[in-house]
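One-letter residues, chain by chain:
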Amino acid sequence: MPYRCPACKKIWPNTMELARHMLGTGDKDHKDWINSKGLSFAELLLMQTMEPGNKGYKTLAELLEKEAEKVEG
């Protein structure tokens, strides 16, 4: 099911792709949204680069599963 980015409103096919987008974009709107949800943008990037298994993306994707708007169709 597609999800809408809560920061820029672009639509992504799943929460993992949305997480990659949000961490990869790294602008103020995306960082602020992540930080406002109790996660740290910087810590997620460190997790992603220093730990195996896409841990940073997966952590953010779990949050997005609950918080991001699902798009019908």
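Rules used in this analysis
- Residues numbered from 1 in each chain as written.
- Predicted model: local features only at pLDDT ≥ 70, side-chain atom pairs only at ≥ 80, totals over all residues.
- Heavy atoms only, no water.
- Helix = DSSP H or I, 4+ residues; strand = E, 2+ residues; numbered from the N terminus.
- Salt bridge = Lys/Arg side-chain N within 4 Å of Asp/Glu carboxyl O.
- Buried < 20%, exposed > 50% of the residue type's maximum accessible area, 1.4 Å probe, protein only.

Student: Let's hear about unusual backbone geometry: which residues, and what values?
Tutor: For lysine 9, which is not glycine, the phi dihedral falls at a positive 75°. Among the structural elements, lysine 9 can be located in the loop between strand E1 (3-4) and strand E2 (11-12). Unlike most non-glycine residues, asparagine 54 shows phi in positive territory, near 55°. Inspection of the secondary structure assignment puts asparagine 54 in the loop between helix H3 (41-50) and helix H4 (55-67).

Student: Any details on the pattern of salt bridges? Residues and values, ideally.
Tutor: By the definition in use, this model includes five salt bridges. Here glutamate 69 makes a salt bridge to arginine 4, at a shortest N to O gap of 3.2 Å. Here glutamate 69 is found in strand E3 (residues 69-70), whereas its partner arginine 4 is found in strand E1, with 65 residues between them in sequence. By relative accessible area, which is 46% here, glutamate 69 ends up partly exposed. Note that aspartate 32 and lysine 28 form a salt bridge whose closest N and O atoms lie 2.6 Å from each other. Note that aspartate 32 and lysine 28 are positioned in helix H2 (residues 28-36) at a spacing of four residues, about one turn of the helix. Taking the relative accessible area as the measure of exposure, aspartate 32 reaches 36% and is therefore partly exposed.

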